Amino acid sequence: MAFHDIRFPANLSFGATGGPERRTDIVTLTNGYEERNTPWRHSRRRFDAGVGMRSLDDIAQLTAFFEAREGQLHGFRWKDWGDFKSCVPSKKPEPLDQKIAVGDETTKVVPLVKLYVSGAHEYVRPITKPVAGSVRIAIGGDEVQEGIDFALDVATGLVTFDRAPDIGAIVTAGYEFDVPVRFDTDRIETSVSSFQAGQAPSVPVVEVRI
């Protein structure tokens, strides 16, 4: 089992259905009240890239990608078209988008995260598969340069600073990112609808923990 640092073809994932999944254990008491708990700290995303009428070249591309991953064996990158930026989908990532750390003059390695806020509640999501060339970092509101002031590990989402940020300095980031996934089946069914078109009704993928 390994992770292949390659993205599922974006032209085939566009239009896929799916999103975050949670696991909640619910116990109904004799008085009708409920006790709810979850064993998961983080959500997990599921998608289905089932494609309708597509060119035979698209079907061949899908089959080649599936075979190269050996079915469920190897993970890969997935672009979630509904949530792939540090900002809202209609804007471009900026270095002030997400607060990722507060400087302490000691810590040099900081993970990328994304904050989801609704009312008084929030969820901090780890970002482990940033897109190379898209990450912008600022310290205390001033943008710093990759390759000079910091290095980025696109395989883990870890940012390593050349010098630890000053005490109290707010470290922020803007970026695009992928979701680490694997196929959720060892079988892909395709059909040829005409001499120039085919379809694959179901291509399920599920997020993997990295």
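What counts as what
As a convention, each chain's residues are numbered from 1 in the sequence order in which they are written. Per-residue local features are limited, in this predicted model, to residues with pLDDT of at least 70; the limit for side-chain atom pairs, both in listing and counting, is 80 or more; totals at the level of whole chains, interfaces and linings are taken over all residues. Note that the side-chain values use all heavy atoms of the structure and ignore hydrogens as well as water. Helix numbers and strand numbers start at the N terminus; a helix is a DSSP run of H or I with at least 4 residues, a strand a run of E with at least 2. Classification of residues uses two cut-offs on accessible area relative to the type maximum, computed with a 1.4 Å probe and protein chains only: under 20% is buried, over 50% is exposed, and between them is partly exposed. Note on contacts: a residue pair is in contact if any heavy atoms of the two residues lie within 4.5 Å. Only the protein chains shown count as cover for residues, with accessible areas throughout obtained via the Shrake-Rupley method and a probe of 1.4 Å. Two residue types count as positive, namely Lys and Arg, and two as negative, namely Asp and Glu; His and chain ends fall outside the count. Charge positions come from single atoms, namely NZ of Lys, CZ of Arg, CG of Asp or CD of Glu. By convention a nonpolar core is built from buried Ala, Val, Leu, Ile, Met, Phe, Trp, Tyr and Cys residues, the set being connected through side-chain atoms within 4.5 Å. Whenever two N or O atoms come within 3.5 Å, that pair is a polar contact, provided that in protein one can donate a hydrogen and the other can accept it, and provided that, for residues adjacent in sequence, both atoms are side-chain atoms. Each Phe, Tyr or Trp ring (for Trp, its six-membered ring) is paired with any other whose centre lies within 6.5 Å, and the angle between the two planes then decides the class: stacked below 30 degrees, edge-to-face above 60, tilted in between. For a lysine, the NZ atom is tested; for an arginine, the CZ atom; a charge sits over a ring if that atom is within 6 Å of the ring centre and within 35 degrees of the ring normal. What makes two strands pair is DSSP finding at least two bridges between them. The angle between two axes is taken between their N-to-C directions and runs from 0 to 180 degrees, where each axis is a line fitted to C-alpha atoms and a helix contributes only its stretch in contact. For cavity detection a 1 Å grid was placed over the protein atoms alone, and a set of points counts as a cavity when a 1.4 Å probe fits there but cannot get out; an open set counts as a pocket when protein lies on both sides within 12 Å along at least five of seven lines, with lining residues being those that have an atom within 4 Å of a point. Grid points are joined across faces, edges and corners, and a volume is the space filled by probe spheres set on the points. Exposure above 30% relative accessible area and the absence of a salt bridge qualify a residue for a patch, where like charges join within 9 Å and nonpolar side chains (Val, Leu, Ile, Met, Phe, Trp, Tyr) within 5 Å. Put simply, a salt bridge is a Lys or Arg side-chain nitrogen that is within 4 Å of an Asp or Glu carboxyl oxygen.

1. Observations regarding the overall build of the chain
Helix and strand content of the chain: two helices and 20 strands. Going through the 210 residues of the chain one by one, you find that 40% of them count as buried. Looking at the chain alone, contacts between residues at least 24 apart form 73% of all its contacts between residues at least 6 apart. Accessible area of the chain: about 12000 Å², with a carbon and sulfur share of 52%. Side chains of the chain carry 25 positive and 30 negative charges; the gap between the two charge centres is 3 Å.

2. A few points about the nonpolar core
Core analysis: the largest hydrophobic core is formed by 17 residues, its most contacted members being I100, L112, I137, F150, V159, F161 and Y175. The contacts of I137, once residues within four sequence positions are left out, are P95, I100, L112, D142, E143, V144, F150, V159, F161, V171, T172 and A173. Judged by nonpolar contacts, the second largest core, of 16 residues, contains A49, L62, I188 and V203.

3. Re the side chain of S43
If you trace the backbone, S43 turns up in the loop between strand 4 (34-37) and strand 5 (44-48). A distance of 3.0 Å separates a polar atom in the side chain of S43 from a polar atom in the side chain of R45. Those residues in contact with S43 that lie beyond four places of it in its chain are P20, E21, R22, Y123, E207 and R209.

4. Notes on the packing of aromatic side chains
Aromatic rings in a pair are described by how distant their centres are and how their planes are angled relative to each other. Tallied over the full model, the rule gives 14 aromatic pairs. Pairing F14 with W81 gives two aromatic rings, centres 5.0 Å apart and planes at 90°, and the pair type is edge-to-face. Taken together, the residues span a long stretch of sequence, with F14 in the loop between helix 1 (10-13) and strand 2 (17-21) and W81 in the loop between strand 7 (75-78) and strand 8 (98-102) at a distance of 67 residues. For F14, a relative accessible area of 54% translates into the label exposed. According to the relative accessible area criterion, W81 is partly exposed, its value standing at 31%. With a centroid separation of 6.1 Å and an interplanar angle of 65°, the aromatic rings of W81 and F84 are classed as edge-to-face. Each member of the aromatic cluster is reached from another via a ring pair, and the members are F8, F47, F65, F66, F76, W78 and F183. Positioned over the ring face of F65 is R69, at 4.5 Å from the centre of the ring. The ring of F84 has K79 sitting right over it, with the charged end atom 4.3 Å from the ring centre.

5. What about the pairing of strand 11 (residues 121-126)?
Here six bridges tie strand 10 (residues 113-118) to strand 11, and the two strands are oriented antiparallel to one another. Its bridge partner being in strand 11, V117 is matched across the sheet by E122. In this antiparallel pair of consecutive strands, strand 10 and strand 11, the connection spans two residues, and G119 shows a positive phi of 65°.

6. A few points about the sheet that holds strand 1 (residues 3-7)
The mixed open sheet is built from six strands, whose spatial order is 1-7-17-20-5-2. Lying at the two open borders of the sheet, with one neighbouring strand each, are strand 1 and strand 2. Strand after strand, the sheet turns through a mean of 30° between neighbouring axes, direction not considered. Bridge analysis of strand 17 (residues 179-183) against strand 20 (residues 204-207) gives three bridges, and the strand direction is antiparallel. Note that in strand 20 the partner of F183 across the bridge is V205. Running at roughly 160° to strand 1, helix 2 (residues 56-68) makes contact with strand 1, strand 7 and strand 17 of the sheet.

7. Observations concerning the layout of surface pockets
Over the atoms, a rolled probe matching the size of one water molecule traces out where space is still vacant. Each pocket or cavity is described by its volume, and for the largest pocket that value is around 220 Å³. Forming the boundary of the largest pocket are 17 residues, of which P126, T128, E207, V208 and R209 lie nearest the centre. Contributions of two or more residues to the lining of the largest pocket are made by strand 11 and strand 17.

8. Re a nonpolar patch on the surface
A grouping of V27, L29 and Y33 is seen on the molecular surface, where their side chains present a nonpolar patch of about 300 Å² in accessible area. Tracing the chain through its elements places Y33 in the loop between strand 3 (25-28) and strand 4. A relative accessible area of 59% means that Y33 is categorised as exposed.

9. Quick word on unusual backbone geometry
Notably, E70 is not glycine yet its phi reads approximately 55°, a positive angle. Checked against the element boundaries, E70 lands in the loop between helix 2 and strand 7.

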